[in-house]
Structures are given as C-alpha cells and as structure tokens.
Protein chains: 2
Amino acid sequence: MKRVLTNDPRSFKDEMVEGFLAAYGRYVRRVPDASGVMAVGAPRRGKVSVLIGGGSGHYPAFAGTVGQGLADGAVIGDIFTSPSAEQVYRCTKALDGGAGVLLSYGNYSGDVMNFDMAQARCRDEGMDVRTVIVTDDVASAPRGREEERRGVAGDLYVFKVAGAAAARGDDIDGVEEAAQRANAVTRSIGIAFAGCTLPGQTEPLFTVEPGKMEVGMGVHGEPGIRTADLLPARGIAELLVDTLLEDAPEGAGSRAAVMLNGLGSTKYEELFVLFSDVNRLLRERGVEVHEPLVGELVTSLDMAGCSLTLMWLDGDLQELHDAPAATPAFSRGSLELPQETGETISAAPTSSAAATDAGGDLSESGAVALDALERALGALQDAEHELGRLDAAAGDGDHGAGMVRGMGAAVEAARGGGGSAGQVLARAGMAFSGAAGGASGALYGAWISAIGQSLGDGEKPDASAVHRALDSSLASLRDIGKAKPGDKTMIDALDPFVRSFGEAVGGGALLDDAWRQALPAAEKGADSTADMISTRGRASKLGERSRGHKDPGAVSMLYVLRAAGDALPKK
Amino acid sequence: MKRVLTNDPRSFKDEMVEGFLAAYGRYVRRVPDASGVMAVGAPRRGKVSVLIGGGSGHYPAFAGTVGQGLADGAVIGDIFTSPSAEQVYRCTKALDGGAGVLLSYGNYSGDVMNFDMAQARCRDEGMDVRTVIVTDDVASAPRGREEERRGVAGDLYVFKVAGAAAARGDDIDGVEEAAQRANAVTRSIGIAFAGCTLPGQTEPLFTVEPGKMEVGMGVHGEPGIRTADLLPARGIAELLVDTLLEDAPEGAGSRAAVMLNGLGSTKYEELFVLFSDVNRLLRERGVEVHEPLVGELVTSLDMAGCSLTLMWLDGDLQELHDAPAATPAFSRGSLELPQETGETISAAPTSSAAATDAGGDLSESGAVALDALERALGALQDAEHELGRLDAAAGDGDHGAGMVRGMGAAVEAARGGGGSAGQVLARAGMAFSGAAGGASGALYGAWISAIGQSLGDGEKPDASAVHRALDSSLASLRDIGKAKPGDKTMIDALDPFVRSFGEAVGGGALLDDAWRQALPAAEKGADSTADMISTRGRASKLGERSRGHKDPGAVSMLYVLRAAGDALPKK
C-alpha cells in the first residue's frame, strides 16, 4: 500500500537516516559528511573494516546490521537506488583503520558502477580496498554463470561472515577470502505475491493476479522471472527447497544455515507455517538445519513474498556464522556494546567537486552551460511523472525522481561557482552523480563531467569542439556502462544523436544548427525505448537486471538534449 | 492483503507453533501437551516464572519474546483469540518452579476470563499465581479509568520489567509489584491506515478511506476510536507525542523508554522518518529519550499503522529495562543461552475433562445431548460465514470459526465417552472452552458445562429440571461474563429464551413444547443484535472492547437453541 508516513518524498532518505541514528545511537553513528553510518568505535586501528550498502528500502538491510561483529559501516542510497560513488568513497575513507576495507554488496549494475569508481579512487589514494559482490539469487542466472546472479537475502550471511572474520583479526586477504567462500556456498530463491509501493507513488510496482505468484523475484520490487499458480504453503516449501538443493554448490556438506526471509507484508505467522514445511523437507532430504533465522532480514518495503536462503557450512564458516554480533536489528551471543573512543583515525576525504571550481564569475560559455542545465532541469521536472511511469514498467519506477534530484544538484553546483562551460559541466556532473545515485546517476554524472573535461577552460567552444566532447564522453559512458546501442539505455538516444551531429558538423553546420539537425535521431532512439517498455516492458528485462541497467534513459536523454539545444547561442 | 502462505486455515496456529519451535529451538521448547512455549531451562527451581500470552497474529508478541531475562513462557491462542483456560492452566502448571507464577497479558475480556479461570484452578491446587494486566492504550478509556484500558505495544515493556525482576531473583511479591509499577507508567497511542486480513479470509477487517487515518486503533484489527484527516509524518508525530504527554502519569520524571512499533505493513523506513520527528518533539518537550526501539514488536498481521509507547523510568525500572535478555526476536546485552537441564520440576496438569467421563455407553438422555450438539455443530457450520461477517463489523471476524471449532471439539468429547445428558454436556463444555479460546469459548463452554452439572446423572430430565439447569447456567454465565441483557452478547438471546421457557413450563407445557414456545423470544434478541451490528456496528463497540465481549453471540446462540430443540424427544 501507499507509503503514508512521509513528509516530502524528496527528503525521505535523509529523514530516515536521521531517525535511524536517533533511535540507535548506542550502536551506530553518522559517517561525517556522508550518507552512511558506522559502528560506534569503528574504525579500529589495525582492524579490517567491512563496508556494506546499497539502496534503502531493505531494512534491516543494510544499516540495521552495522555493529560489533558484523559490518563496520553501511553507505545508504535512496530507496532501491545505489549510493553514489562519492558517498561510497567518503564512507570507505572514514572506515579505513589502516588495515584495509572490504566492500560487499549485492550484484546490481548501479551498485557495481558506483562502488567500483569509489574503490578505484581509494586505491589511487593508497588504501587497500577489496570487493566481494554477493550473487546468491539462483533464479537470476543459470549454473555456470553464478557471477551474473543478483544478490538478495544471502547478503546477510556473506556480510556476517566477513564481519566476523574482521572481528577475529583476519587480515584483508583473509576477510576477502572468507567473504568469497561464504558467497560461493550461499543460495537463495524468492517468491512474491504483490509488489511494493514507493514513497510518493500511489501504485505498487507490479501486481500479481489472484491465484498466481511470481517465482524468482528481486528485492528492488522487480517481479519474478516466471509466473506460477499459487501453491499452498507445503507446495511452496517444496518449490523453494528443491530449487536450492538442485543448485547446491559442489562439495556442499550436509549442514546449512537457513534463513526464511519475509519481504515486508508476508508476516511472521505465515513464515512460521512455511518454515514448518521447509524444515521437515530439508531434514527429509538429509540437510542438517543450523540455527535458522525466520523473520524480516532483507525486505523490499511492503512487498508480499519471501525468500529461502541456505549457506552450506564448513567448520570455519560455521565458526564465523556463530560468532557474536550486536547490531540494531541482529544480535547473536554475548557482546557488550563498545564505548566511543573519541579518536578519529581516518583522514578527511578529499573533495573532488571543489577542485573544479575555478572561482570568480561565470564566463559567457559558463552561463550558457548553466542555462542548458537549468532548462534540462525544467524539462525533467515536467517529465518526472512520465519517466517514473515508464521506469515502473521496466524497473523500480525511480528514474524520473532520480533525474530530477541529480539535475537539481547539478544546477546548484553550476550556480555555486564560476568559470567556463567546461568547468561548470565538470562540477555539475560530479554533483549529479553524488545526488542521484544508482546506475543512471553514475552514468549521467560521468557523461556530463566528461563533456566538461573535454571542453576544458576554453571559451566559446565551436561545433567541432562540442562534437569532440560529445564523442569522447560517449566513449567513456560506454566504458563505464558496458551498454551497446540497442540495449535500451540512454545510449540509444545519445549514440545516433552524436553521429548525426557529427555528420552535420562535417557538412559545415554551425553549433545550434547541427544540434537541431541531430535531434530527430535522438527522438527515434527514445521512441523505440519507450515503445519497447510499453509493449514488452516486463519481459524485456528479465534475467538482465543484474548486469544491465535498463531504464527510460533514452527518453530522459532526449529531454536533456532538447533543453540543452534551446540554450545554445543562435548563430 | 490475503494471507497466502497457508495450508489449511484451521491448522494455521498449530503449524505456526511447529515452525516457530523448529526455527528457535535454541531459545524455546514446547510446553508438553499444551499450546504454549517455554524458555529452554525454565522453570528454574526457586525462581518466579513469568507467563505471558494471548491470541497470535502479533509476532514477535508473544512467543518471540520468551527466553532468558524476559518471559519464561507464552500461551498461544488462535489468531486474535485468547487461549483457553485449559491451555493457560497447563502452561502455568508447567512453569511453576515452586516460587510462583506471574501471569501478564493485555486487557481483553477473552484473555481476562480465561487467564482468571486458570489462575483460580492453579490456586486451588496450591500454587502462588498472580496477575498483572497491561492497560497502556490511552485511547481506549479516559484518565481516571486507566484500569479499563486495553493492552497494546506497552505489553513488551511490562513483560520485560517482570522478566528482569524474576531473573534477578525477586520473589513473587516483588515481581508482581515491579510489573504493576511498569504498567502504571506505560502509555501508548496508535494509528492505523488499513486493516489486516485473517488467514482464510479474502477481505481486510476494515478499510480506511484515502486521505484518512484511524486514531487509537487496537492490535486485534479493531479500527480506531475516531477517524481523522491523514497528516504528514511530522503532524502524526505531534499527535502521538502530545497525546502521550497529556496523559503522563503523576510523578512521571523526565526520562522515558520509547518504542515506535510498526503494525505490519508500515515499514521500517517510514518508522524511522516518523521517529526523527518524534525524537525531536520529545526532546523539545524536555523528555530524555532512553534506548529507543523502532521496529515491529507487537504487530497485527499486515495491518498498516504504528503506535508510540512511553515507559516513564525511575532508577529501578531503568535497571530492569536495561537488564540483558536473549529471546528469538528481542535481545539486549550479554547473556549466554542456557543449556537444558533435562530436569522436570512441575507436576503434570490434572485433566478436568477426563473426570467427567462416566465410562460405558451413552444413556438415552446422553444420546439426546449428543444429537443436540451434533445438530448445533451442523447449524453453526452452515452459519459460519454469516457469523464471521457480523463479527467483522463489530470485532475481529473470528466468531463463526471459533464457534465451529468449539462445537466440533464438544461433539468429539461427547462421542468419546458414555453417560447421561448431564455428564455428556459437562465434558462437552470443557472441550468447547479448550478448543475455541477467546471470550466466546470461555462463556459458551462454561454455559454448556453448567447445564450438564445441573442436570447431573439423572435420566430423562423433565421440563422443570431443564428449566432449573438453564436458569442456573444463565446465572453463572452472567457471573463470568459480567454482561447484562442489552449489552449485545449471547445473553440477549438466552435471557429472554430462559424466561419465556420458564413461563411455558409454569403453564404446564412439556419439554419440547416449552422449548418451541420460547424460541421467538430468542429470535427477537438475536435480531436486535444483528441489526445493531449492521447499522451501528463499529460505533457500538467503541471504548468497550476492553471490558465487554461484543460479538454476534446472540445470533449463534439462536442457532444453538434451535438445533437443540430439534433434538428433543417429541412428547
């Protein structure tokens, strides 16, 4: 149902983090100047830190499991949206106790892009940062392609093992290796009976026909990979158990930790009914069930459904699984809460956005760039609802809101300093990524920044300079996003636009003429994306969600290109 | 939404308990031969035990908070239905470690009746059993009538204090007194946005218009005591905080434990948004917020809404609040799980139902009684849906299902032995109470048993003997239920029936004639209850839920009386 406990959907995440910190200050505190939380007493000098994270909407994942013996920190994105690379960077930096930081998160393209960018930046600064991506969802890719699978509730087991390894003093190699071992033997499968509704929206992301259920759903409100007839609890138990046992990793022993996770509005009493059947079946099939967890551990707002996770245990994994932990939402065994030492270990993060502010007033081209950004913001605001609707058909419905948030931050950053078009765009792009988060945020921000960097501080860039900037930024976009034309991403509008623009410039057209002549090519790409979403919407993304980043990016790109064209000086 | 993870709604509770025990056997085990769970290692010789309970549908309340440092056991009723007196008795008996047992539960008429009957029986057997009823819901009765208030999420605080007092070795006087002190300073207020849906039903218990919210809702799916315009989170925070501060108990200090409890589908992220405002307001108003809890602690299946609870602390209450605990769903501080000793302290419960089986075959009158019960069961099965619908308008919609369950057990008990009508009815009534639970179960069962006891082992009771039995059983019913004619309970059909029956008998009518002549009086009472529910349904029960036991009992009574009449020997 509709999220009603809100003030303004735009400030939802910030207020949520504030409330979380107010409630659980005995476990966690805020990462200074970042959208993240860290355990009281973290980082400890000489101890590896484990940083988890991703979008919010999954509580107690991820912030609710930060504390002694588990994660040292969590970086927090907007609802179902990856945190930005800037935020991941700041949290990683804050958690470095000199022994390295392990980043661990579920396998989604937005998270992978943003965490990878942050890892690269931290490594550039000399930190030892490693990554273990959780890939437990057996429904999202077949055997043999395990690394393409999404991360769902198995996240918690992998994070627990990593946190316990770090707590017992393993070095960064050991912590990374333990987390990898845990991920390699963790398998999940989920089912859903109804989609969830995002803050500020009135309709759920998807609905399920009465008498049906979705099998293999994700935790971002994605529907399943197939629809099946609804079964009674014991039929569902059989489906879940058999699916996981068929996919048991090689060399799995006979003992497994078992988690039956509710997604939000499938409640505890039902989960226990289901668990009575799950437990019986596992025992019948020779599995020794170890310390089960039945509850809400990785949720998806008020989505109805559940998932079953097995982590196959060996001696060391069991020791790490059983080790004590004390966090706001997950505690095990005996562990006193630590006291804050007051000591600050890590250096303040370097601000990369500030470095691109040349100071002083906007130049003539800088003013054009600001105007283009402002017009783009206006166009995106007008189209926010349409973009959200298109995105809901293909994903989680947040594309419009994310674009408005990102472009709003870009405009603010542009206004907040002086300089040329190149300098304005370079800092606007960084602000975009920082505010929007997610795959779109990473890609749009990187694209705008790359244009700025290519334009540099040159005044009055002509059509050729703009073409070079568009061309090189498109190349870096492909490099980050791995998307090709036809993958139904922003590339589908941008690539034909850039080619058409290049042809016009080659034919001698001036900047604003060339821009106008290239727009129909972008329109064609955007229309084809919109059509595809409307007609094939759901089917088109199945099985691709973990690697691709399908969204109506081609449509929003068209709005941005049109608005930017209106800002260009008339010949 | 609909509960889909079920096998058969009738076995829902048993499968739920089985799954719970399978999942959390490291904390709890089954109370032998009873619908309840007890902490591993409980009872401890010489330690007071705390037994909590009530209907299910509120997880983690109540079974999820059984364990070291909190409750020693929980007796588990069907969804939103009090456990029967027999079940409470068995659990109390199992938990007696020789130092007494404190019973603590929320103030609902069904629970009060059943726990009180069990307490009386235990005291008869020489156990020291005390009761502290939780009355934290400020919306359900005004100041000055605090003892009439319902128990909602404040349950957890009172149970925690009682459990901690018992764990530190307080004697039964001390544990009782601590729990009373906790209850006296605990205040809650709730709001709801949508009702929940019971297993086996397709519609929620109530709905809330868009843009509205219910203020002062209960935890059994009851709607609120008033409907208000939906407010943004900060407006709701103000409403909740101000309501509780206006109702602060005399002598309340400045420090309070604070719990923001989600009812089921209002999710954690929203609760944190709300808590950021609640926390700010409490601080602004001078309240020192102590170790808040934000989460799902006392739920109502998938009801949408939340409640705010304050427990005003003094030094001792804070010590008890802060003491360690380790239970499936609530842990605090350091506490190792105990090992099972294998020692059994308490004596097996005495079975009161077995005592009424005279053995041998049914006599002629016994066969009539069995026939009457079987016909009543058939009539109730036919009417189950209608009774449920009527009950949903006034309460939680389980009256039809409870009556069928109770009468089914009564028929089985009747068939399971021999004897006269009196002996058959005496044991059938006990079985009814044991199976049905709730207020109706307690009342119907007591009524049937009382008729049986009055009839005794006499064969062929005549109209006068039946009138004496009806008259005395009506008196004991009033005694247990405290309901008067006009209170819209089963009494409204039964009382006029018994009076009319008495007049007919006084006029010389034979048994089946007198019965037939009296039925119209029962019909009138039943019709008036049904009308009242249909037309004023909701309003009629407001503020009375904690003491009364309004349900369509007059309607089911009519079905029972009609069916019984059909079984009577024709003159």
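Residues numbered from 1 in each chain as written. Chains lettered and ligands numbered in written order. Predicted model: local features only at pLDDT ≥ 70, side-chain atom pairs only at ≥ 80, totals over all residues. Heavy atoms only, no water.

### Considerations on the overall build of chain A
Of regular secondary structure, chain A possesses 16 helices and 14 strands. Its C-alpha radius of gyration of 24 Å places chain A within 12% of the 25 Å reference for a compact globule of 571 residues. A principal-axis box enclosing the C-alpha atoms of chain A has dimensions of 80 × 55 × 45 Å. Residues counted as buried form 66% of the 571 residues belonging to chain A. The long-range share in chain A, meaning contacts at least 24 apart out of those at least 6 apart in sequence, stands at 74%. Counting every atom, chain A has about 19100 Å² of accessible surface; 49% of that belongs to carbon and sulfur. The positive charge centre, built from 55 side chains, and the negative charge centre, built from 79, are 2 Å apart in chain A. (Helix = DSSP H or I, 4+ residues; strand = E, 2+ residues; numbered from the N terminus. Rg over C-alpha atoms; globule rule 2.2 N^0.38 Å. Buried < 20%, exposed > 50% of the residue type's maximum accessible area, 1.4 Å probe, protein only. Contact = heavy atoms within 4.5 Å. Areas by Shrake-Rupley, 256 points an atom, 1.4 Å probe, with all protein chains shown as cover. Lys, Arg positive; Asp, Glu negative; His and termini not counted. Charge placed at Lys NZ, Arg CZ, Asp CG, Glu CD.)

### So, the sheet that holds strand β6 (residues 129-134) of chain A
Residues and elements named next belong to chain A. Strand order in this open sheet of six strands is β1-β2-β4-β3-β5-β6, and the pairing throughout is mixed. The open sheet has two edge strands with one neighbour each: β1 (28-30) and β6. Pairwise comparison of adjacent strand axes, ignoring direction, gives a mean angle of 25° for this sheet. Most of the contacts of helix α4 (residues 155-167) go to strand β5 (residues 101-106), to which it runs at about 170°, and overall it touches β3 (49-56), β5 and β6. (Pairing = 2+ DSSP bridges. Axes fitted to C-alpha atoms, helices over the stretch in contact; angles between N-to-C directions.)

### As for the nonpolar core
Grouped together as the largest cluster of nonpolar side chains are 259 residues, with contacts concentrated most on Leu274 of chain A together with Leu274 of chain B. Apart from the residues within four sequence positions on either side, Leu274 of chain B is in contact with Leu5 of chain A together with Ala233, Ile236, Ala237, Leu240, Leu260 and Cys306 of chain B. (Core = buried A, V, L, I, M, F, W, Y, C linked by side-chain atoms within 4.5 Å.)

### A look at the pairing of strand β4 (residues 73-79) of chain A
All names here are of chain A. Counting buried residues along β4, seven of its seven residues qualify, which places the element largely inside the surrounding structure. Pairing geometry for strand β2 (residues 36-39) and β4, over three bridges, is antiparallel. Note that in β4 the partner of Gly36 across the bridge is Val75.

### Some thoughts on the domain arrangement of chain A
Domain boundaries in chain A define domain 1 (9-328) and domain 2 (354-567). Each of domain 1 of chain A and domain 2 of chain A has a C-alpha centre, and these two points are 32 Å apart. (Domains from an automatic or database assignment.)

### Things to note about the environment of Asp242 of chain A
Residue and element names in this part refer to chain A. Relative to the elements of secondary structure, Asp242 occurs in helix α6 (residues 233-246). Note on Asp242: relative accessible area 23%, which makes it partly exposed. Through-space distance from the C-alpha of Asp242 to that of Ala401 is 40 Å; in sequence the pair is 159 residues apart. Within the structure, Asp242 has its side chain in polar contact with the side chain of Arg285 (distance 2.9 Å). (Polar contact = N/O pair within 3.5 Å; in protein donor to acceptor, adjacent residues only side chain to side chain.)

### Quick notes on the confidence of the model for chain A
Per-residue confidence for chain A gives a mean pLDDT of 89; residues scoring 70 or more make up 91%. Confidence drops under a pLDDT of 50 for residues 536-549 of chain A, and excluding neighbours within four residues, the segment shows 44 contacts in the predicted structure. (pLDDT = per-residue confidence, 0-100.)

### Considerations on the packing of helix α3 (residues 109-124) of chain A against helix α12 (residues 438-455) of chain A
All names here are of chain A. At a closest axis distance of 7 Å, the pairing of α3 and α12 adopts a crossing angle of 50°. By the angle between their axes, α3 is oblique relative to α12. Crossing hand, α3 versus α12: left-handed. Between α3 and α12, the residues in contact are Ser109, Gly110, Met113, Asn114 and Met117 and Gly438, Ala439, Ala442 and Leu443, respectively. Class assignment of the residues belonging to the contact of α3 with α12 gives a composition of five nonpolar, four polar and no charged. (Parallel < 35°, antiparallel > 145°, perpendicular 65-115°, else oblique. Left-handed = near helix turned anticlockwise from the far one by under 90°. Nonpolar A, V, L, I, M, F, W, Y, C, P; charged D, E, K, R; others polar.)

### A closer look at the relation of the copies chain B and chain A
With an RMSD of 0.2 Å, chain B superimposes on chain A once it is rotated by 179° and translated 0.1 Å along the axis. Overall, the copies show the geometry of a two-fold rotation axis. Residue Ser334 of chain B of chain B places its C-alpha closer to the rotation axis than any other residue of that unit, at 2.2 Å. Comparing interface residues between copies, 100% of those in chain B also sit at the interface in chain A, which points to an isologous, same-surface contact. (Least-squares fit on C-alpha atoms with pLDDT ≥ 70 in both.)

### A word on the pattern of salt bridges
All names here are of chain B. Going through the model one piece at a time under the given rule, you end up with 74 salt bridges over all chains. A salt bridge links Asp247 to Arg149, with the shortest nitrogen-to-oxygen separation between them at 2.8 Å. You can see Asp247 sitting in the loop between α6 (233-246) and β10 (255-262) and its partner Arg149 sitting in the loop between β6 (129-134) and α4 (155-167), a full 98 residues away along the chain. Owing to a relative accessible area of 7%, Asp247 belongs among the buried residues under this scheme. The exposure class assigned to Arg149 is buried, which follows from its relative accessible area of 0%. The salt bridge partner of Glu284 is Arg285, with a shortest N-O separation of 3.9 Å. (Salt bridge = Lys/Arg side-chain N within 4 Å of Asp/Glu carboxyl O.)

### Some remarks on unusual backbone geometry
Between Ala61 of chain A and Phe62 of chain A the backbone carries a cis peptide bond, its omega angle lying at 0°. Structurally, Phe62 of chain A can be placed in the loop between β3 and β4. Here Leu301 of chain B, not a glycine, exhibits a phi torsion of approximately 50°, which is positive. Classification of Leu301 of chain B by relative accessible area gives buried; the value is 0%.

### So, the packing of aromatic side chains
Enumeration over the complete set of coordinates arrives at 28 aromatic pairs over all chains. With centroids separated by 5.9 Å and ring planes inclined at 55°, the aromatic side chains of Phe20 of chain B and Tyr24 of chain B adopt a geometry described as tilted. Ring plane angle 80° and centroid distance 5.7 Å describe the contact between Phe501 of chain B and Trp515 of chain B, whose orientation is recorded as edge-to-face. Placement of Phe501 of chain B in helix α14 (residues 491-506) and of Trp515 of chain B in helix α15 (residues 511-541) is noted, with a sequence separation of 14 residues between them. Judged by its relative accessible area of 8%, Trp515 of chain B falls in the buried class. In this structure an aromatic cluster arises from ring pairing among Phe20, Tyr24, Tyr27 and Tyr59 of chain A together with Tyr268 and Phe272 of chain B. The ring of Tyr89 of chain A carries the charged tip of Arg121 of chain A above its face, separated from the ring centre by 3.6 Å. (Phe/Tyr/Trp six-rings, centres within 6.5 Å; stacked < 30°, edge-to-face > 60°. Lys NZ or Arg CZ within 6 Å of the ring centre and 35° of its normal.)

### Describing the side chain of Ser449 of chain B
Counting through the fold element by element, Ser449 of chain B comes out in helix α12 (residues 438-455). What Ser449 of chain B contacts, discounting residues up to four positions off in sequence, is Leu425, Ala426, Gly429 and Met430 of chain B.

### Some remarks on the sheet that holds strand β3 (residues 49-56) of chain B
Residues and elements named next belong to chain B. One open sheet holds the six strands; their spatial order is β1-β2-β4-β3-β5-β6, and the pairing between them is mixed. Whereas interior strands pair on both sides, the edge strands pair on one side only; in this sheet they are β1 (28-30) and β6. Averaged over all pairs of adjacent strands, the angle between their axes in this sheet comes to 25°, without regard to strand direction. Across four bridges, β3 lies against strand β5 (residues 101-106) in parallel orientation. When the bridges of β5 are listed, Val50 appears paired with Leu102.

### Concerning the interface of chain B and chain A
Taken together, the contact between chain B and chain A spans 60 residues of the former and 60 residues of the latter. In total, chain B and chain A occlude about 4900 Å² of area from one another, counting both sides; carbon and sulfur atoms represent 61% of this. Of all residues in chain B, Leu5, Glu269 and Phe272 of chain B bury the most surface against chain A, accounting for 16% of the area lost on that side. Linking chain B with chain A are four salt bridges, by the criterion used here. Inspection of the region where chain B meets chain A yields 27 residue pairs in polar contact (both at pLDDT 80 or more). At eleven residues, helix α7 (residues 268-284) of chain B tops the list of elements feeding residues into the side of chain B that touches chain A. Here the residues of the side of chain B that touches chain A sort into 31 nonpolar, 15 polar and 14 charged. (Buried area = accessible area lost by both parts, 1.4 Å probe.)

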